[in-house]
Amino acid sequence: MSLVLPIRLRRNRKSVAIRKMVQETILLASDLVVPLFVIEGENKRVTIPSMPGVERLSIDLLILEAFWLYQKGIRGIALFPVIESDLKTEFAEEAWNPTGLLARAIRSIKKQLPEMCLFADVALDPFISHGHDGLVNEKGEILNDETIACLVKMSLMQAEAGVDFVAPSDMMDGRIGAIRKSLDDSGYKDVGIMAYSAKYASALYGPFRDALQVKLAFGDKRTYQMDPANVREGLLEAALDEEEGADILMIKPALYYLDVITKLKEQTWRPVAAYHVSGEYAMVIAAHQNGWLDAAKVFHEGLLSIKRAGADLIFTYAARQVMDILHH
Ligand code: PBG
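About the criteria used
Residues numbered from 1 in each chain as written. Predicted model: local features only at pLDDT ≥ 70, side-chain atom pairs only at ≥ 80, totals over all residues. Heavy atoms only, no water. Helix = DSSP H or I, 4+ residues; strand = E, 2+ residues; numbered from the N terminus. Rg over C-alpha atoms; globule rule 2.2 N^0.38 Å. Buried < 20%, exposed > 50% of the residue type's maximum accessible area, 1.4 Å probe, protein only. Contact = heavy atoms within 4.5 Å. Lys, Arg positive; Asp, Glu negative; His and termini not counted. Charge placed at Lys NZ, Arg CZ, Asp CG, Glu CD. Axes fitted to C-alpha atoms, helices over the stretch in contact; angles between N-to-C directions. Parallel < 35°, antiparallel > 145°, perpendicular 65-115°, else oblique. Left-handed = near helix turned anticlockwise from the far one by under 90°. Nonpolar A, V, L, I, M, F, W, Y, C, P; charged D, E, K, R; others polar. Patch = residues over 30% accessible without salt bridge, like charges linked within 9 Å, V, L, I, M, F, W, Y side chains within 5 Å. Areas by Shrake-Rupley, 256 points an atom, 1.4 Å probe, with all protein chains shown as cover. Salt bridge = Lys/Arg side-chain N within 4 Å of Asp/Glu carboxyl O.

Novice: Can you walk me through the overall build of the chain in this structure?
Specialist: Summing up its helical and strand segments, the chain has 11 helices and 10 strands in all. Scaling as 2.2 N^0.38, a compact globule of 328 residues should have a C-alpha radius of gyration of about 20 Å, and the chain matches this with 20 Å. Across its three principal axes, the chain shows a C-alpha extent of roughly 70 × 45 × 40 Å. Per-residue burial over the chain gives 52% buried out of 328 residues. Here the contacts in the chain between residues at least 6 apart in sequence split such that 74% fall between residues at least 24 apart. Counting 37 positive and 44 negative side-chain charges, the chain places the centres of these two groups 10 Å from one another.

Laid out in structure tokens, this is it:
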């Protein structure tokens, strides 16, 4: 390669037209998956103080929101039910209730907007009295295999209701294989699994737990979620999930873990997802409300960076804010 000195890289930046032509990464609405919080009732909309701009919606309003998002180019939503406290139990039975809030929400969306790709979280925390992702013994330890039996029931309920992807976010060992086998055995071969493969024990999930009204009664999630210090272990988690049958592998959170996303992309032929989580959203909104930065621009830059790092799809609460500056 012969270089003509001085090298003037700025020539390729001089107009909007050339900048668009040489742009390496393009963020599309269809790259984004929007998490939605669903509540009981009709025509109900409840704000979440730590997530301004995100609301808990009753099923009827959730459907309207899904239509609006679809019309804006969004092709995926992820459902999280807000469970009333009298339905939360030690064994989380509500998690696989075929007529519960989650099942009804899945059925309504798939009936009214079947083209929207629907993800639903598989984990016990919204349904369990102590707020952990699994069953607990008398010593306060989270029980792996007993929890998997519950996750399997929850996945079958979601599949029966019509979900496109079950999304286990619990971090129990071996759950992907168990869920895949039971889905296949029950005739749900076309229902996919999006595995939260490397889910870190992050301090960034606080606003999400507010949204779902989940409070940890004791301890923390560090015996099942990953140590933020570890990348090779995250890649191993993803490799195992892939081997057990996951269709999509997720890294969570996103912006603090771009190195993990990039390395996973090099290691797998599966699509890589990233979850731009509630704390990542709340920080930017809080700064915006103080007049310290422009949320739409910061979100766009952040989501673009997550895609540039290697994510094929991005779960984010910020879709609304970036919609108008997405590429067109
Ligand atoms: C629960 C779950 C969590 C999130 C998604 N599924 C919270 C947790 O593990 O405590 C976090 C999402 C967010 O912060 O946006 N299994």
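Novice: I'm lost on the packing of helix H4 (residues 144-161) against helix H5 (residues 175-185) in this one. Help?
Specialist: One way to put it is that H4 packs onto H5 with a least axis distance of 9 Å and a crossing angle of 45°. The angle between the axes of H4 and H5 places the two elements in the oblique class. In this structure, H4 crosses over H5, and the sense of that crossing is right-handed. Residues Ile-148, Leu-151, Val-152, Ser-155, Leu-156 and Ala-159 of H4 lie in contact with H5, whose contacting residues are Arg-175, Ala-178, Ile-179, Ser-182 and Leu-183. When grouped by side-chain class, the residues that make up the contact of H4 with H5 number eight nonpolar, two polar and one charged.

Novice: Where do I start with a positive patch on the surface in this structure?
Specialist: On the surface, a cluster of positive charge is made up of Arg-8, Arg-10, Arg-11, Arg-13 and Lys-14. Note on placement: Arg-10 falls in the segment before helix H1 (16-21).

Novice: Before we go on, may I ask you to explain the side chain of Glu-237 in this structure?
Specialist: Structurally, the position occupied by Glu-237 is in helix H7 (residues 232-244). No salt bridge is formed by the buried Glu-237; the nearest opposite charge belongs to Arg-175, separated by 5.2 Å. Setting aside chain neighbours within four positions, we find Glu-237 in contact with Met-171, Asp-173, Ser-197 and Met-226.

Novice: Can you help me understand the pattern of salt bridges in this one?
Specialist: Opposite charge on two side chains permits them to pair, given that their charged atoms come into close proximity. Here the structure, examined in full by the defined rule, presents 15 salt bridges. Asp-125 is the partner of Lys-221 in a salt bridge, and the nearest nitrogen-oxygen pair spans 3.8 Å. Residue Lys-221 is found in the loop between helix H6 (206-212) and H7, and its partner Asp-125 is found in the loop between strand S5 (117-122) and H4; the two are separated by 96 residues along the sequence. Note on Lys-221: relative accessible area 5%, which makes it buried. Put simply, Asp-247 and Arg-180 hold a salt bridge, and the shortest N to O gap is 3.9 Å.

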